[in-house]
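These are the residues of each chain, in order.
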Number of protein chains: 2
Amino acid sequence: MDKRPELAAGFLSRLRAILPPKAVLTRPEDCWAYGYDNSRRHSLPQAVAFPACHEQVARIVDACNQYRIPLTARGRGTNTVGATVPLQGGLVLSLERMKKVLEFSPENRYLIVEPGLTNEEVQAIAGSRGFFWPPDPTSAAYCSLGGNLACNAAGPRAVKYGTPRENTLGLRAVTGAGLEIRTGVRTSKGVVGYDLTRLLLGSEGTLAIITEATLKLTPLPEATQTLRAVYRSVLDAAEAVSKIMAQPIVPCALEFIDGNAIAMIRGHSACDLPAQAGALLMIEVDGPREGLDSAAAKVAEAARNDGLLDLRIAATRQEVEALWQTRKALAPALRKIAPKKINEDVVVPVTAIPELIEGLNRLSAKYKLPIINFGHAGNGNIHVNLLLNPNSPEQSRKAQDCLDGVFTLVLALRGTLSGEHGVGLEKRDFIDRELDANALELMRAIKRQFDPNGILNPGKLLPPG
Amino acid sequence: MDKRPELAAGFLSRLRAILPPKAVLTRPEDCWAYGYDNSRRHSLPQAVAFPACHEQVARIVDACNQYRIPLTARGRGTNTVGATVPLQGGLVLSLERMKKVLEFSPENRYLIVEPGLTNEEVQAIAGSRGFFWPPDPTSAAYCSLGGNLACNAAGPRAVKYGTPRENTLGLRAVTGAGLEIRTGVRTSKGVVGYDLTRLLLGSEGTLAIITEATLKLTPLPEATQTLRAVYRSVLDAAEAVSKIMAQPIVPCALEFIDGNAIAMIRGHSACDLPAQAGALLMIEVDGPREGLDSAAAKVAEAARNDGLLDLRIAATRQEVEALWQTRKALAPALRKIAPKKINEDVVVPVTAIPELIEGLNRLSAKYKLPIINFGHAGNGNIHVNLLLNPNSPEQSRKAQDCLDGVFTLVLALRGTLSGEHGVGLEKRDFIDRELDANALELMRAIKRQFDPNGILNPGKLLPPG
């Protein structure tokens with residue numbers, strides 16, 4: 001186990017004065033698990049702190065400023081881009097024990113909570129009164145609200161309901177300078193001052209540490225209908241996506257799997273798709289029960305084209321399960337075939353999906369790397385998976401070149417490098433291809449204002465200036 | 001006509017080198033109309049420029065920086081808070097001639113346009129393919145898109161569809177430093193870098209001048225139903241608002257008029273409301289035609305309580321007109337009774353509306369000023385109108401004290417000072433009551449980064465430090 005030098009004694013004794021003994025870890029073996037996230041990178045922190053409240057967070061940030069200790073705030077570490085890996089060691093601030101529900105006001109459609117609640121716990125509270133909080137990166141049972149906010153994590157429902165930036169009214173936070181700020185409002189409208197709420201959402205813990213959030217709640221839909229459409233080719237499926245997005249019924253999920261993914265699934269599990277299946281769409285519509293059949297029928301109509309091979313609408317819970325089976329077989333098949341993969345989450349305008357997939361196939365052939373694509377087609381948000389042989393360093397190098405090609409392609413199609421995974425470490429050195437130098441310089445300037453000593457999550461999100 | 005000293009000859013000749021002769025005004029009589037907005041304040045600019053494109057804007061900002069000329073960007077000046085009054089003179093930059101449609105992609109649900117288009121022109125383009133852009137501050141025919149964005153203007157549909165911050169994907173802009181930035185994406189998701197898009201929306205031209213906007217479009221609903229509910233008291237109406245907002249059907253308008261307003265309307269036009277009417281709700285629901293009757297019935301059910309005096313659902317276009325008649329009689333009656341009024345647009349959580357109205361009635365009695373309230377109840381956004389005798393300076397002073405009481409009340413109810421009008425000059429010196437000192441200092445720091453010489457809309461939005 002690698003070991004870093006101990007933190008300054010003065011810092012540790014301040015930390016121990018702020019927190020009870022069980023809320024500070026310093027032994028490397030205890031800190032180990034706080035050194036990685038779902039990026040599979042690892043960097044050992046010298047200490048881990050578990051604050052119980054806003055005030056403790058503020059005092060810890062003060063101490064880190066005094067001793068210039070790098071501070072990486074973290075929820076449950078489910079992000080895939082290294083955003084919570086403590087690159088320079090220092091202190092990891094785990095917010096997992098801050099789980100208080102401060103106020104639940106269904107009549108006003110808001111819920112004020114601390115960031116340590118899991119997404120599922122948030123949903124349970126909201127659900128008890130007929131509401132939900134739309135963002136869910138499909139890891140609800142484990143991922144924390146704080147991480148969802150810091151990464152502006154979205155998930156499949158974003159196509160209809162938006163991301164945290166559309167579903168958060170206000171925040172309480174401690175800036176990198178150790179100052180408390182309250183941003184936003186408790187109401188669904190408010191235009192007093194600059195929008196600091198959205199500035200913090202998606203800033204990956206580089207500007208401030210969120211200690212409370214006022215979430216905007218949405219009423220749970222009465223019912224949902226599930227459709228599965230199978231196409232001859234990606235082009236046919238993409239045409240359907242455009243047509244679906246051009247009509248008035250907005251699906252609450254519009255998920256896509258390409259032909260490579262179908263071929264892989266076919267090799268690893270029972271698959272009821274036609275032999276010529278080249279792409280698959282999973283579509284869900286939700287809303288009041290009355291009119292939902294007709295809404296599903298309209299979406300189905302938009303999904304129909306000459307390349308449609310099969311279209312099914314599930315009538316029962318069992319049928320819904322059966323339709324999702326192919327999609328759900330994807331993750332285990334992927335893990336089996338390619339324990340090592342690079343999983344990107346690029347976004348292009350939906351009409352550019354066919355060009356994206358064609359271009360990815362060309363890159364796959366050129367670099368002799370299998371590429372499997374699936375994702376949130378309604379947003380044009382495609383998870384591009386480069387499958388690697390874990391024992392081949394040469395393939396890893398080729399994958400980097402291929403990835404470069406993927407990003408070039410996405411930007412040429414006027415897309416963005418990340419729809420929901422964020423930047424972290426993984427994409428940090430690529431974002432200057434998407435963002436212009438002036439915008440990047442302003443972001444650096446904003447970072448300096450919030451975090452003058454650069455203690456918050458150093459080395460993340462913004463490429464070195 | 002008051003007259004300011006002429007601008008430096010060097011500046012004017014640079015301006016004339018950038019723009020054709022007809023795009024620069026310098027005679028006070030020509031500049032006069034660019035010195036005011038709907039706040040009825042006036043401050044004469046020394047010149048008005050009409051750029052035709054982004055590049056001209058950038059060169060003009062450069063020139064203003066070189067000569068330290070205050071620059072106030074403006075759309076059509078419909079804001080009510082003095083946000084476009086050139087307080088320190090200098091140059092007014094009118095974007096009204098920048099009306100190019102750069103790209104319309106209904107399949108990708110976006111429209112890229114210049115800021116000089118009116119809101120109505122934007123709606124017409126979007127509508128030609130079955131879409132709309134939800135923000136509309138009810139002055140669509142005249143107000144400009146650029147002004148809508150700069151003020152984050154909202155209007156009645158915000159209760160269901162959100163404000164510009166929820167309906168804008170990206171921007172092109174020239175910062176106060178004269179630098180071009182592009183923010184955001186063309187897609188409905190994107191998490192690369194800090195959210196500069198939302199930072200500029202609502203910043204009232206103090207950070208940058210928006211030269212292009214990528215608008216997120218929404219499909220036009222198939223049909224709309226209109227309901228009118230009359231209540232014995234504001235408390236009854238407010239209870240109905242809370243119940244409506246706690247059930248799954250979100251109305252696309254939920255407008256409120258208080259008893260004072262009804263009494264006033266009664267004195268000035270035919271009014272079919274019951275004699276005991278103490279409050280009125282106008283409710284609209286939209287969506288697919290099928291199921292809409294049932295949606296309206298559910299909303300009607302939520303609107304029912306012991307204080308309900310009358311509930312009507314319009315079945316024909318004529319009936320819709322008839323139901324809106326009382327609401328529409330409000331503005332002319334107000335103008336007749338009180339040519340001078342202070343029109344605030346405070347917001348409180350919807351459950352706090354009764355307390356707000358009660359408190360306003362107390363303030364009205366204390367200061368002997370009639371107060372008329374109406375607004376967007378679904379957002380808790382109430383337009384509070386203090387009616388003044390235009391010839392009484394004493395009443396003007398009392399009104400200022402009363403206004404102070406209004407703001408204290410709103411903040412005690414955990415609301416915000418402005419839901420859609422913005423800050424400008426009118427509320428500039430009040431916002432430090434709502435925003436904490438740390439947040440305000442960060443806003444000032446951000447302003448310095450975007451606009452180091454402080455040339456953009458000086459004296460607006462942020463109180464002097």
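Residues numbered from 1 in each chain as written. Chains lettered and ligands numbered in written order. Predicted model: local features only at pLDDT ≥ 70, side-chain atom pairs only at ≥ 80, totals over all residues. Heavy atoms only, no water.

In this section: the overall build of chain A. Tallying secondary structure elements over chain A gives 15 helices and 18 strands in all. Taken over C-alpha atoms, the radius of gyration comes to 23 Å for chain A, in line with the 23 Å a tight globule of 465 residues would show. For the C-alpha atoms alone, the extent of chain A along its principal axes is close to 70 × 60 × 40 Å. The burial tally for chain A puts 64% of its 465 residues in the buried class. Pairs at least 24 residues apart make up 73% of the contacts formed inside chain A by residues separated by at least 6 positions. For chain A, the exposed area adds up to about 16600 Å²; of that, 51% sits on carbon and sulfur atoms. Separation between the mean location of the 54 positive side-chain charges and that of the 49 negative ones in chain A comes to 4 Å. (Helix = DSSP H or I, 4+ residues; strand = E, 2+ residues; numbered from the N terminus. Rg over C-alpha atoms; globule rule 2.2 N^0.38 Å. Buried < 20%, exposed > 50% of the residue type's maximum accessible area, 1.4 Å probe, protein only. Contact = heavy atoms within 4.5 Å. Areas by Shrake-Rupley, 256 points an atom, 1.4 Å probe, with all protein chains shown as cover. Lys, Arg positive; Asp, Glu negative; His and termini not counted. Charge placed at Lys NZ, Arg CZ, Asp CG, Glu CD.)

Turning to the pattern of salt bridges, a few remarks are in order. In this structure the tally under the stated criterion is 64 salt bridges over all chains. Put simply, Arg433 of chain B and Asp404 of chain B hold a salt bridge, and the shortest N to O gap is 2.6 Å. Of this pair, Arg433 of chain B sits in helix H14 (residues 431-434) while Asp404 of chain B sits in helix H13 (residues 393-412), and the two are 29 residues apart along the sequence. In this structure Arg433 of chain B comes out as partly exposed when scored by relative accessible area, which is 33%. Accessibility expressed as a relative area gives 31% for Asp404 of chain B, which makes it partly exposed. If you follow the salt bridges from partner to partner, you end up with Glu55, Arg172, Glu180, Arg182 and Glu212 of chain A in one network. (Salt bridge = Lys/Arg side-chain N within 4 Å of Asp/Glu carboxyl O.)

With that out of the way, let us pick up the side chain of Ser392 of chain A. Residue and element names in this part refer to chain A. Within the fold, Ser392 resides in the loop between strand E18 (381-388) and helix H13 (393-412). Exposure remark for Ser392: the relative accessible area of 17% places this residue in the buried category. There is a polar contact of 2.8 Å between the side chain of Ser392 and the backbone nitrogen of Gln395. (Polar contact = N/O pair within 3.5 Å; in protein donor to acceptor, adjacent residues only side chain to side chain.)

The next point concerns helix H10 (residues 292-303) of chain B. All names here are of chain B. With 12 residues, H10 extends 16 Å between its outermost C-alpha atoms, agreeing within 8% with the 16 Å of an ideal straight helix rising 1.5 Å per residue. Among all positions of H10, only Leu292, Ser294, Ala295, Ala296, Val299, Ala300, Ala302 and Ala303 are buried. Buried residues in H10 make contact with strand E12 (223-231), helix H8 (234-245), strand E14 (279-287) and strand E15 (308-313). (Expected span 1.5 Å × (residues − 1).)

Glancing now at the nonpolar core. With 182 residues, the main nonpolar core has Leu281, Ile446 and Phe450 of chain A together with Leu281, Ile446 and Phe450 of chain B as its most contacted residues. In this view, Phe450 of chain B contacts Leu442 and Ile446 of chain A together with Thr175, Gly176, Ala177, Ile181, Leu196, Leu199, Leu200 and Leu207 of chain B; residues no more than four positions away in its chain are not counted. (Core = buried A, V, L, I, M, F, W, Y, C linked by side-chain atoms within 4.5 Å.)

All names here are of chain A. What the four strands build is an open sheet, ordered E1-E2-E4-E3; its pairing is mixed. The sheet is open, and its two borders are formed by strand E1 (24-25) and strand E3 (71-74), each paired with just one other strand. Sheet topology note: the strand E2 (residues 47-49)/strand E4 (residues 91-94) ladder contains three bridges and is parallel. Opposite Ala47, over in E4, you have Leu91 as the bridge partner. Sitting on the sheet, helix H3 (residues 54-67) touches E2, E3 and E4, and the angle it makes with E4 is about 170°. (Pairing = 2+ DSSP bridges. Axes fitted to C-alpha atoms, helices over the stretch in contact; angles between N-to-C directions.)

The next subject is the interface of chain B and chain A. On the side of chain A, 86 residues touch chain B, which itself brings 86 residues to the contact. Taken over both partners, the interface formed by chain B and chain A buries close to 7100 Å², and the fraction arising from carbon and sulfur atoms is 59%. It is Lys189, Val191 and Tyr194 of chain B that lose the most area in chain B upon contact with chain A, and together they represent 14% of the buried surface on that side. Scanning the region where chain B abuts chain A turns up 10 salt bridges. A salt bridge links Arg198 of chain A to Glu166 of chain B; its shortest N-O distance comes to 2.4 Å. The interface formed by chain B and chain A holds 34 residue pairs in polar contact (both at pLDDT 80 or more) in total. Examining the composition of the side of chain B that touches chain A, we find that nine residues originate from one element, helix H15 (residues 437-450) of chain B, more than from any other. (Buried area = accessible area lost by both parts, 1.4 Å probe.)

Looking now at unusual backbone geometry. Residue and element names in this part refer to chain B. Unusually for a residue other than glycine, Thr138 sits at a positive phi of about 65°. Here Thr138 is to be found in the loop between strand E7 (131-132) and helix H5 (145-150). Take Thr138: its relative accessible area is 61%, and that puts it in the exposed class. For Leu461, which is not a glycine, the phi torsion comes out positive at approximately 65°. Topologically, Leu461 is positioned in the segment after H15. Given the relative accessible area of 0%, Leu461 is considered buried.

Attention now goes to the relation of the copies chain B and chain A. Mapping chain B onto chain A is achieved by rotating through 180° and translating by 0.0 Å along the same axis, at an RMSD of 0.0 Å. Interpreted geometrically, this transformation is the action of a two-fold axis. Rotation axis and chain B: the residue whose C-alpha lies nearest the axis is Gly291 of chain B, separated from it by 2.4 Å. Most of the interface of chain B is mirrored in chain A: 100% of its interface residues are interface residues there too. (Least-squares fit on C-alpha atoms with pLDDT ≥ 70 in both.)

The final tally for this structure, using the stated rule, is eight aromatic pairs over all chains. Between Phe132 of chain A and Tyr161 of chain A, the aromatic rings sit 5.1 Å apart at their centres with planes inclined by 90°, giving edge-to-face as the arrangement. A residue pair is termed long-range when its members are at least 10 positions apart, and Phe132 of chain A in strand E7 (residues 131-132) and Tyr161 of chain A in helix H6 (residues 158-161) qualify at 29 residues. Both residues of the pair, Phe132 of chain A and Tyr161 of chain A, count as buried. For the cation-ring pair, Arg76 of chain B lies above Tyr142 of chain B, with the distance from its terminal atom to the ring centre recorded as 4.0 Å. For Arg97 of chain B, the ring lying beneath its charged end belongs to Phe50 of chain B, and the centroid distance is 4.1 Å. (Phe/Tyr/Trp six-rings, centres within 6.5 Å; stacked < 30°, edge-to-face > 60°. Lys NZ or Arg CZ within 6 Å of the ring centre and 35° of its normal.)

Another point: the environment of Leu360 of chain A. Following the sequence through the fold, Leu360 of chain A ends up in helix H12 (residues 353-367). In this structure Leu360 of chain A touches Ile371, Asn373, Val384, Val406 and Leu409 of chain A, once residues within four positions along its chain are discounted.

Our focus in this paragraph is the domain arrangement of chain A. Residues and elements named next belong to chain A. Segmenting chain A into domains produces domain 1 (9-94), domain 2 (101-219) and domain 3 (223-412). Contact with domain 2, which involves seven residues of that partner, is made by 11 residues of domain 3. Summing both sides of the interface, domain 2 and domain 3 together bury roughly 660 Å²; the carbon and sulfur share of this comes to 57%. Across the salt bridge formed by Lys160 and Asp286, the nearest N and O atoms sit 2.6 Å from each other. One can count two residue pairs in polar contact (both at pLDDT 80 or more) joining domain 2 with domain 3. In terms of residue class, the side of domain 2 that touches domain 3 is made up of four nonpolar, one polar and two charged. (Domains from an automatic or database assignment. Nonpolar A, V, L, I, M, F, W, Y, C, P; charged D, E, K, R; others polar.)

Residue and element names in this part refer to chain A. At a closest axis distance of 9 Å, the pairing of helix H9 (residues 259-268) and helix H11 (residues 317-337) adopts a crossing angle of 80°. As far as their axial angle goes, H11 and H9 are roughly perpendicular. On the side of H9, the interface is formed by Ala261, Met264, Ile265 and His268, while H11 contributes Thr326, Ala329, Leu330, Ala333, Leu334, Lys336 and Ile337. Residues belonging to the contact of H9 with H11 are distributed by class as follows: eight nonpolar, two polar and one charged. (Parallel < 35°, antiparallel > 145°, perpendicular 65-115°, else oblique.)

Residue and element names in this part refer to chain B. The residue Val230 is located in strand E12 in this model. Residues Val230 and Ile257, spaced 27 residues apart in sequence, show a C-alpha to C-alpha distance of 9.7 Å. With near-sequence residues (within four places) excluded, Val230 lies in contact with Leu273, Pro274, Ala277, Ala279, Leu280, Gly307, Leu308, Leu309 and Asp310.

What follows deals with H9 of chain A. All names here are of chain A. Within H9 the residues assigned to the buried category are Ala261, Ile262, Met264 and Ile265. Seen end-on, H9 carries its buried residues on one side only, within an arc spanning 165°. At its buried positions, H9 is contacted by strand E13 (253-258), strand E14 (279-287), H11 and strand E17 (371-376). A side-chain oxygen of the first residue of H9 lies 3.2 Å from the backbone nitrogen of Asn260; this N-cap is Asp258. (Arc of directions from axis to C-beta.)

This part covers a negative patch on the surface. A contiguous patch of negative charge on the surface is contributed by Glu290 and Asp293 of chain A together with Glu290 and Asp293 of chain B. As for its position among the elements, Asp293 of chain A is in helix H10 (residues 292-303). (Patch = residues over 30% accessible without salt bridge, like charges linked within 9 Å, V, L, I, M, F, W, Y side chains within 5 Å.)

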